[in-house]
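The primary structure of each chain is shown beneath.
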Amino acid sequence: MHDKLPPTNPRQQQSPAPKEPASRRMFLIKLGVLLNGIVALIIGIPIVRYLLGAARSDNDYLKWIDVGNVDDFKDGETTLINYVNPFADPWDGETRKIPAYVRRVSATDFAVFAVNCAHLNCPVRWFAESQLFMCPCHGGIYYADGSRASGPPPRGLFTYETKIEDGKLFIKAGEMPTLSNQAQLIQEIAPCAGTDGFMPG
Ligand code: FES
């Protein structure tokens, strides 16, 4: 028997390149898949949240919020409160707090107004001496019941739905009441002030 002859082709004479261990190659492939998955997740979560957000109805952003004991508000007085937006994120900081004016009309009747002017959204201020809400931006003025008194606002202040349960006042909030989400007109909950408007003594 003859010994095996060396290959005549020089390429065949080269010693074969050392093979990369299969387990190492698999590890790098898995690591690459994992890293790609993490990046896809980081990019995808906000997109999915955005798409799901658009699918929610307006009412999904509304929730009954406890704004204090009924007895904390005095008859005929208007009080500035701050409630925490239930749909805020922890990193929203101080912007989670939303101011509103609570007016106790009678023992069981409350009117709660958004502070935003119905003209261009500047925060209005309540002046107890004159019993008026005044807007510092363009001079819009509202009566104590939130109806428009004068200036550029086309309507009264936006109002929140209210209810009383177990001695506590709740407002339906989470989204600012505006014209775009069918905010209730003040005229629907109280007679429009003017010469015969609500002016508590
Ligand atoms: S924003 Fe209030 S009057 Fe213009």
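Each value, and the rule that gives it
- Residues numbered from 1 in each chain as written.
- Predicted model: local features only at pLDDT ≥ 70, side-chain atom pairs only at ≥ 80, totals over all residues.
- Heavy atoms only, no water.
- Phe/Tyr/Trp six-rings, centres within 6.5 Å; stacked < 30°, edge-to-face > 60°.
- Helix = DSSP H or I, 4+ residues; strand = E, 2+ residues; numbered from the N terminus.
- Buried < 20%, exposed > 50% of the residue type's maximum accessible area, 1.4 Å probe, protein only.
- Contact = heavy atoms within 4.5 Å.
- Pairing = 2+ DSSP bridges.
- Salt bridge = Lys/Arg side-chain N within 4 Å of Asp/Glu carboxyl O.

**Q** What am I meant to see in the packing of aromatic side chains here?
**A** Any aromatic ring pair is given by two values, namely how distant the centres are and how the planes are angled relative to each other. Counted by the stated rule, this structure contains five aromatic pairs. The interplanar angle of 80° and the centroid separation of 6.0 Å between the aromatic rings of Phe-73 and Phe-110 together place this pair among those described as edge-to-face. Residue Phe-73 is located in the loop between strand 1 (63-69) and strand 2 (78-84), and its partner Phe-110 is located in strand 4 (residues 110-114); the two are separated by 37 residues in the primary sequence. According to the relative accessible area criterion, Phe-73 is buried, its value standing at 4%.

**Q** Where do I start with the environment of Gly-139 in this structure?
**A** Structurally, Gly-139 is set in the loop between strand 6 (132-134) and strand 7 (141-143). We classify Gly-139 as partly exposed; its relative accessible area is 37%. Along the backbone, Gly-139 and Pro-153 are 14 residues apart, and their C-alpha atoms lie at a distance of 9.1 Å. Each residue touching Gly-139, except ones within four places of it in the same chain, is listed here: Ser-150, Gly-151 and Pro-152.

**Q** Teacher, can you tell me more about the sheet that holds strand 2 here?
**A** Backbone hydrogen bonds are what pair the strands of a sheet, in a parallel or an antiparallel way. The four strands are arranged 2-3-4-9 in an open sheet whose pairing can be described as antiparallel. Either end of the sheet is taken by a strand with one partner, and the two such strands are strand 2 and strand 9 (159-160). Sheet topology note: the strand 4/strand 9 ladder contains two bridges and is antiparallel. By the bridge assignment, Val-112 is partnered in strand 9 with Tyr-160.

**Q** Honestly, the pattern of salt bridges in this entry has me stumped. Any pointers?
**A** Pairs may arise between side chains of opposite charge once their charged atoms sit close together. Applying the stated criterion across every chain yields a total of four salt bridges. Among the salt bridges present, the one from Asp-66 reaches Lys-168, with a minimum N-O distance of 3.6 Å. Of this pair, Asp-66 sits in strand 1 while Lys-168 is found in strand 11 (residues 168-173), placing the two residues 102 residues apart along the sequence. Overall, Lys-168 belongs to the partly exposed group, its relative accessible area being 30%. Residue Glu-165 is joined to Lys-163 by a salt bridge in which the shortest nitrogen-to-oxygen separation is 3.0 Å. Take Glu-165: its relative accessible area is 37%, and that puts it in the partly exposed class.

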